[in-house]
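Read off the chains here:
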Amino acid sequence: MVKKKLLIRTGYLGLGAIEQLTFDMILGLKDRFDITLAIENHHNNSLVEKLSPEIKYFYIKTEEFEKKIEEVRSKKKNIFYKIYYNYLLKKEKWVCCKSINEYIKLNGEYDLFIDYDSKAQKYAEKIKIDKKVVWQHTSLNKNVKRTKKRLAKYNKVVLICDDMKNDFINHFPELKEKFVRIYNFLDFERINQMKYDESELNEVEKEMLKERYCVSVARLDYPKDFDTLIEAFAFLNKEGVNEKLYIVGEGEQRERLEEKIKVLGLENVVFLVGRKRNPYIWIEKSDMFLHSSKREGFPAVLLEALCCNKMIISSDCMTGPKEVLENGKNGELFQVGNAEQLVKYVKKYYENPELKNKFIENSKIRIKNFEKEKIVKEYGDFFDKVIEEK
């Protein structure tokens, strides 16, 4: 039997959550489909070398063009370079589309184009594959009119939680039939192995993990709202709570957050430990997992914390946390940006750790809904259905 051909596009294949999902999906479906992976960028691709030999891949952009964009981006405060940068962004769409179509021309027709990180929306309608699907991993941005126009070009739009699907239906009722909800999945086996793996740790980090601490894992950017977390620990420190906060992640907000920690005198309380190849051991050794985002798509990191049997305290942002935690059944939810409410919950479970047990027991049931094998099969069935639809 001839396998159906999938062309799956992603920006990177590295350490990020979407990249890991892409990698696991491809490996899970390689026996069922003939898969080609189109990777837009040449850097941050540590998982490429782990791909199975039967999975074909190519880079969409040349390294020269990629380096040119990065070079001009770093200088765009200058008005000339800003104009040139905007020109390159427009050219980038043409370059990406041309590259993909040339690959298709050389390697034969494909049954389905999968825009897995949703970054091909600018040019997807020009890709010479009849059937197209796109994943939306984040909630709606402000440019609703543009989003509607772009999503209309796809046969199906996958939303990764019910809250997100309902939000998209409310904004785009005329596209309702395109919307499908499929959860993200977790590789429980990999997480359960990694959460005890100390091979990455240096001696200082091993000592840090012996402390009593809460942990948060996310990119250091504005929507993750680490200000609320840091302010909460300033209150807790003043009240004599000796819980530390470890923030695992990297990003453009690092310098500003470091300064905030210094101004509040929290150098011995709040620690930015950087991005880790294995964040699970940091979650495993923690007292509680904290999440403070202003907005989300469907936060896989909460599922990872559930998998590590952790008590979770999360902001009740749109979208995802309420759905993962089943309206507070599997963890506490606090109002976005409400540091005082967060302080109350952290203090409650710091002083009464036995109260965490009911949430942890409930989470063992909830996590079964996100098993990798179950959802990867759902992916495959969905792809077959889209391909076969008239």
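Reading the values: the criteria
For every chain, the first residue of its written sequence is number 1, and the numbers climb from 1 along that sequence. Confidence filtering applies because this is a predicted model: local features only for residues at pLDDT of at least 70, side-chain atom pairs given and counted only at 80 or more, and all residues used for totals across whole chains, interfaces and linings. Working from all heavy atoms in the structure, the side-chain values ignore hydrogens and water. Throughout this description, buried means an accessible area under 20% of the type-specific maximum (1.4 Å probe, protein chains only), exposed means over 50%, and partly exposed covers the range between. Counting from the N terminus, the helices are DSSP H or I runs at least four residues long and the strands are E runs at least two residues long. Any two strands are treated as partners once DSSP identifies two or more bridges connecting them. To obtain an axis, a line is fitted to C-alpha atoms, over the contacting stretch when the element is a helix, and the angle between two such axes runs from 0 to 180 degrees between their N-to-C directions. Here, two residues are considered to be in contact whenever any of their heavy atoms come within 4.5 Å of each other. Expected span, for any helix, means 1.5 Å times one less than how many residues it has. Only buried Ala, Val, Leu, Ile, Met, Phe, Trp, Tyr and Cys residues count toward a nonpolar core, and they belong to the same one when joined by side-chain atoms within 4.5 Å.

It is worth spelling out the pairing of strand β4 (residues 112-115) at this point. Side chains of β4 alternate between two faces, with L112 and I114 and F113 and D115 buried alike. As paired strands, β4 and strand β5 (residues 132-136) are joined by three bridges and run parallel to one another. Residue pairing in the sheet places D115 in a bridge with V134 of β5.

Below, the discussion takes up the sheet that holds strand β9 (residues 244-248). By definition, the strands of a sheet pair up through backbone hydrogen bonds, in either a parallel or an antiparallel sense. One open sheet accounts for six strands, arranged β10-β9-β8-β11-β12-β13; its pairing is parallel. A single partner strand is all that each edge strand has here, and the edge strands are β10 (270-274) and β13 (332-334). On average, each strand axis in the sheet is tilted by 25 degrees relative to the strand beside it, whichever way the strands run. Pairing between strand β8 (residues 213-217) and strand β11 (residues 288-291): two bridges, direction parallel. Residue pairing for β11: V215 is matched across the bridge by F289. Each of β8, β11, β12 (311-315) and β13 is contacted by helix α13 (residues 339-351), which is oriented at about 155 degrees to β13, the strand it contacts most.

Let us look at helix α8 (residues 226-238). An ideal rise of 1.5 Å per residue puts 18 Å on 13 residues; α8 measures up with 19 Å between its terminal C-alpha atoms. Every buried residue belonging to α8 is among F226, D227, T228, L229, I230, A232, F233, A234 and L236, and all of these are buried. Remark: G240 follows α8 within two positions and exhibits a positive phi of approximately 85 degrees.

Judged by nonpolar contacts, the single largest core of 94 residues is most densely connected at W135, W282, Y379 and F383. No other element matches helix α15 (residues 372-388), which puts seven residues into this core. Each residue touching Y379, except ones within four places of it in the same chain, is listed here: M25, L29, Y116, W135, I182, Y183, N184 and F185. One finds F226, A232, F233 and I261 within the second-largest nonpolar core, a separate group that totals 32 residues.

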